[in-house]
Structures are given as structure tokens and as C-alpha cells.
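Notes for the structure review
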Amino acid sequence: RLRQDAAPHTSGSRSEGAMVNTGKNYPIELGWAFLLVVGYLVRVAFVSIRLPGAIGILLVGFAFSHFMQEDILENRNDLQRFAFLLVLLNAGFEVSIRRLRPAILLISLLPGLVEMAGIAGLAMLTHDVGIREGLVLGCVLFPLGEGLVIPKMNEFKAAYPDHALPRVTLTWAPLEATLALSLFSFLSSVSSSLTEGQLSPVLLVAEVVVRFVATVAAGGFVGAGAGWVLSHTSKITFRKKRIFTGSAVEAFLLVLGLGFGGFGLAKVVPNGFAPGSMLFDSDLFVIAVGSSFSDVADPIVLHNVEGFLAGIWVFGSIILFSMLGSRTDVQVFEHFPQILPFMLVGVACRFVGLCVAVPLAQRLGKHSPFAPKKMLLEILFLFLCSLPRATLQGALGAQPVQDNFFSHLGEQGKAWRQFIGQGSRLYIITFSILGSLLLEFLGPKLLLATADKTRRRAMSSAMPAIDEEHASCAPSQIGSPFFTESTPLSPTAGHRSPLSNGAAATSAAATSPSSAAEALSVTMAGEEDAPAEDAEWERQENNWGTFLAESGGEMGLDSAHAVEPCNLHRAETM
């Protein structure tokens, strides 16, 4: 039944699950022009009507598949790997492992693991596959789309500056993405054709442990070394002359180059356990480089590198989703009845995981940001935040086909690889649209419902002004945690340097006469019971601040990440 359900409806394609397609012979420049110009314009059109830009790029890629330039078609897998490396590097930047605490880990990891386990269990029951095959499917499908969620949380945070839930999500989203990438890296080491059937179970476990330790140690050393060097470029001289310029582009190029180097090095250094078995894991190596770099690097250096990464990700996301769209066949919707049970079971398990994780996190954290009386509404908000999905499904969904997972299963393994790819595409199409729309329209209502009465009217009255003020910080919904709609720098802009989070927020709010602060002061002035309620609000704010301090920072986990790119940009242009 699996072979019948997941068998491709194509033939003669260059890779499994690709459309019937042969490359066209015309200048490659015309192909790139179509992808970049049309892809970006369609993405802008989708964002303007509050739909995910990733869907627009998928459609562009689908159209391009009918006249794809032959060189682009031939190198499609390599282009996807390049975009995937940017996803890995960004995931590393978002996480500082040494500052993690149990409460924030519980919120960030448990719900996703429950969903992954539910999907794997359903696969084993209904499709007669092993636990390894089920876990690979679950790992591809469960992670939220941080590229869709994080920009929306930045928008909510600007509109509701004193609310805890957007801050919780900003901490949770990158951690879940890193979890998914790390788990997939582990599963790939036991699922790819290079190791299947070549090692005994004991040696396989030993190989995985050695690979994990070696990868984290080597990647951490490279990233930490780069962070220290790029933060002390003025002290590195030769004959009393500086070797490095200390510019932002220099730091970005070096970090990106090290990421590429680690990714490639992992493919050529053997570990001796079996022929073709490597010492390092390429995905985890890049994550370790990014994480250790963000821990060691100066906050200004880190902010500059993240800014350049955001810019190049615009290009990377067009590549990722257009190449994914070029592999999509309209007949993929014929498999929707087979994928629908996984969607339903997955979201149900996610909700159950949140219902368990949030109360436990409240007990673990001495100063919890959650209110017991409104916990169900807070869980619903976090549940909505978990629904938009695109980036990791696009990055991971094609990997089983590219790396020939489950080759020892023969035709059944081939069918399951294709089933995973089809499921990832249907998840992107379904959840990126549905999840983004639900979060867009129900998210603000839940934030208002979980806010204190004194500030609720202030938030409502300030919302239009803040939306207009932060128009340039609206979410791109293209798949990048940092990408924002940029406005040109002012011709009279003076010295630009990163501000603290509070200063940036103050600068942004001060530009509008109907800002949140003024609306708040007007509303509170007319409330007879304002002092008592404000004291309760300040108590909750203090609890949130202490919770963040215990958990490792606001965007988690690192003081450098507490600086919002949107607010930074607006402050710099003033």
C-alpha cells in the first residue's frame, strides 16, 4: 500500500519525485533573472495581502519547472544545499547553549518532541514502517516555521511591548528549529546509504557518539575562534599595521566561509568505523560554528553578521523555495488524504504537549510569565504560533531523496523517501497559509485577552499607530528570522551603533504622537483603580524579567540577541 500511495506519477526525471522535465537550452542569465525578479515581485504581492511569501515563490518555481534552464536544473540539488547552509548557520546564531535553563528548555522542546513521536507512531501503525523511518518523517514535519513566526512575534512585540507571550515565542522558535536540525542530523547518520548494513548496533552507537562529540568540539572551536578574532581585529597587527579592516562585511564573509568549510570538511574526513563513514556531521558542524560564534563574538560584531545574513537570505530563500516548487507536481494533492491524518495527529499531539509543558514550566521557573487564570488562552496563543511551517520542511523534505535514505529497503525505501518529500510540500502549502492566517487574525485577540485590563485599552488604541510606525518591520514571511522590509537610510544619518533594547524601543515609539507610551499614560490617567492594577502589572513585568535572566536572555539566551533588528534599523535611520 505504501508503494501504491507514494509511488511517483512521473518518469524520466532527474531525481526522485521531480516533475517530468528536461532542461531548456537558453542563457543561464535569463533563468536567474526570472527567478530573482519574478520571485521577489510575487513574494511582495503575497506579503501585501498577508499571505506567506514562500507560497508565492513556490508557485514561481512551479512555473519555472516547465522551462527550466538546463544548467540550473542540473545543479538544483547543490543550490538547495547552499540555501540549507544559511538555515543552519542562522539556527546556530540563535542559540546560546551555556545559558539554557530547564524551564525555557521545557517550553521549547517538549511540545515538538511529542508531535514528532505522534507522527512517527502513526506512520508505524498505518504504513508498516520501522521506527527509524517514522522518526525521519516526524522530524521533517514537526518543526514550526521560525522564518514565518519570528517576524510576526517581533511585530506583536512592538504592538504589545509589555506582553510576555511574544517574548516566550521568540525564545522558543529558534530552539525548536535547532532541535529539529540536530535530530535530523542524527537520524541521517543512521538512515543514509553510507552506513546502512555496514555496522553492528554497538558500533553504530559508538560511531554516532564519536561523530557528535567530534563535531560539537571542532565546530565550537572554529566558531569561538572566529568570534574572538573578529572581536579583537584592532589588536591583530603585523609590523604595527592592522591585518583586518574590522568591517561588517569582512566579518560576515569570514563566518560564512568557515560555515562552508565546515560543511565541506565533514564530507571528506573519515572516522574509520566503516568505508564512507565520516568523522563530522556537516549540519551539526555549521550549527556549532554559529552557536559558539554568537557566544564569544562582541554584540556589535554579531549584529553586523546577522544583518548581512538577513540580506543574503533574501536570495537564499528564493533559491530554496523556487527549487522546491520546481520539484512540485499538481498531482501531489492526490496524496493529501494520506497526509491529512498526520496533520491532524501532529497538531493534536502539539496541543497536548503544550498543555503539559506550560504548567510544568510555571512550576520550574521561580518567576513565571504565565498567569494561572489565563493559562488556557496562553496555551492557545502558543499553539497558534506553532502552526505556520515552511522553512525547515522545505530544507529537510528533499534530503532523504538526495541522500538516498533507506536504500536497504529497496522499493519500499524509495516509496517512503518520496512520501516524505510529498508530505513536506503539502505541509508547506497547507500550514504556511492556514497557520499564518490564524496567527494573523486570532493572535492579537488572544494577546488582548491575556493582558491586564489597565493596559488592554492602551494596547488596543496604540495598535494602529504602532502598525503604521513599524510598517518597515512587518514580517517578510519569506522564511527568514531576521528579514524585514527595509527603508533607505536617511541622508543625514550620523554615527550608527546598536542601541539597547529599551533605547531602541523608546526611539521607535517616540516618533509617533499616538505611540503606545502616550496611549498608555492617557488611559491610565482616567482609571481610578490604576495604581493597584499597575502595581500588579509591574509585578508580572518583574517576574518576566527575572524569568528571562534565569533562562538566558530575551531572544534567548544571549544579551546580543535581545537587540531587535527592526528597532535597531529604525533607530539607526533617525
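Because the structure is predicted, anything quoted here is derived from the model rather than measured.

Calculation notes
Throughout this document, residue positions are counted from 1 along each chain, in the order its sequence is written. Confidence filtering applies because this is a predicted model: local features only for residues at pLDDT of at least 70, side-chain atom pairs given and counted only at 80 or more, and all residues used for totals across whole chains, interfaces and linings. To get the side-chain values, take all heavy atoms of the structure and skip hydrogens and water. Angles shown run from 0 to 180 degrees and are taken between the N-to-C directions of axes, each axis being a line fitted to C-alpha atoms and, for helices, limited to the stretch in contact. Strands here are runs of E lasting at least two residues and helices are runs of H or I lasting at least four, both read from the DSSP assignment and numbered beginning at the N terminus. Should an angle fall under 35 degrees it is taken as roughly parallel, and over 145 as roughly antiparallel, whereas 65 to 115 is taken as roughly perpendicular and any remaining angle as oblique. Crossing handedness is read from the near helix: turned anticlockwise from the far helix by less than a right angle, it gives a left-handed crossing, and turned clockwise, a right-handed one. In what follows, residue pairs with any heavy atoms lying within 4.5 Å of each other are defined as contacts. Classification used: nonpolar for Ala, Val, Leu, Ile, Met, Phe, Trp, Tyr, Cys and Pro, charged for Asp, Glu, Lys and Arg, polar for all others including Gly. Scored from 0 to 100, pLDDT reflects the predictor's confidence in each residue. Aromatic rings from Phe, Tyr and Trp, taking only the six-membered ring of Trp, are treated as a pair when their centres fall within 6.5 Å; an angle between ring planes under 30 degrees marks them as stacked, one over 60 as edge-to-face, and anything in between as tilted. Think of it in three bands: with a 1.4 Å probe and only protein chains considered, a residue is buried below 20% of the maximum accessible area for its type, exposed above 50%, and partly exposed in between. The patches reported here contain residues having more than 30% relative accessible area and no salt bridge. Joining distances are 9 Å for like charges and 5 Å for nonpolar side chains (Val, Leu, Ile, Met, Phe, Trp, Tyr). Only the protein chains shown count as cover for residues, with accessible areas throughout obtained via the Shrake-Rupley method and a probe of 1.4 Å. A pair is scored as a salt bridge if a Lys or Arg side-chain nitrogen falls within 4 Å of a carboxyl oxygen belonging to Asp or Glu.

**Quick word on the packing of helix 11 (residues 248-265) against helix 12 (residues 282-296)**
Where helix 11 contacts helix 12, the two axes come as close as 8 Å, and the packing angle between them is 150°. The angle between the axes of helix 11 and helix 12 places the two elements in the roughly antiparallel class. The handedness of the crossing between helix 11 and helix 12 is right-handed. Contact residues: helix 11 offers V255, G259, G262 and F263, while helix 12 offers S282, D283, F285, V286 and F293. When grouped by side-chain class, the residues that make up the contact of helix 11 with helix 12 number 5 nonpolar, 3 polar and 1 charged.

**So, the packing of helix 14 (residues 336-364) against helix 18 (residues 411-449)**
Their axes nearest at 10 Å, the elements helix 14 and helix 18 cross at an angle of 65°. The angle between the axes of helix 14 and helix 18 places the two elements in the roughly perpendicular class. The two elements helix 14 and helix 18 cross, and the hand of that crossing is right-handed. Facing helix 14, whose interface residues are F336, Q338, I339, F342, M343 and V347, helix 18 presents F419, G423, L426, Y427, T430 and F431. For the contact of helix 14 with helix 18, the class distribution of residues is 9 nonpolar, 3 polar and no charged.

**Things to note about the confidence of the model for the chain**
Averaged over all residues, the pLDDT of the chain equals 74, while 71% of them reach at least 70. Segment residues 1-20: pLDDT under 50, and 53 contacts once partners within four positions in sequence are set aside and those in other chains are kept. Across residues 454-537 the pLDDT falls below 50, and counting only partners more than four positions away or on other chains, this stretch makes 147 contacts in the model.

**Observations concerning the packing of aromatic side chains**
In this description, an aromatic ring pair is defined by two values, namely the gap between the centres and the angle between the planes. On inspection of all chains with the given rule, the structure shows 17 aromatic pairs. Measuring from ring centre to ring centre gives 5.0 Å for W416 and F419, while their planes differ by 15°; the resulting arrangement is stacked. Of the two residues, W416 and F419 both sit in helix 18, 3 residues apart, roughly one turn of that helix. As far as burial versus exposure is concerned, W416 and F419 are alike and both buried. Members of the aromatic cluster, each reached through a chain of ring pairs, are W32, F82, F260 and F315.

**Some words on a nonpolar patch on the surface**
On the surface, L36, V37, Y40, L41, V44 and F315 cluster together into a nonpolar patch covering about 480 Å² of accessible area. At 5 residues, the largest contribution of residues to the nonpolar patch is made by helix 2 (residues 28-48). Inspection of the secondary structure puts V37 in helix 2. With a relative accessible area of 49%, V37 lands in the partly exposed category.

**Re the side chain of E115**
Structurally, the position occupied by E115 is in helix 6 (residues 102-127). On the basis of relative accessibility, which here comes to 0%, the residue E115 falls in the buried class. Excluding residues that lie within four positions of it along the chain, E115 makes contacts with L141, F142, G346, V347, C349, R350 and R389.

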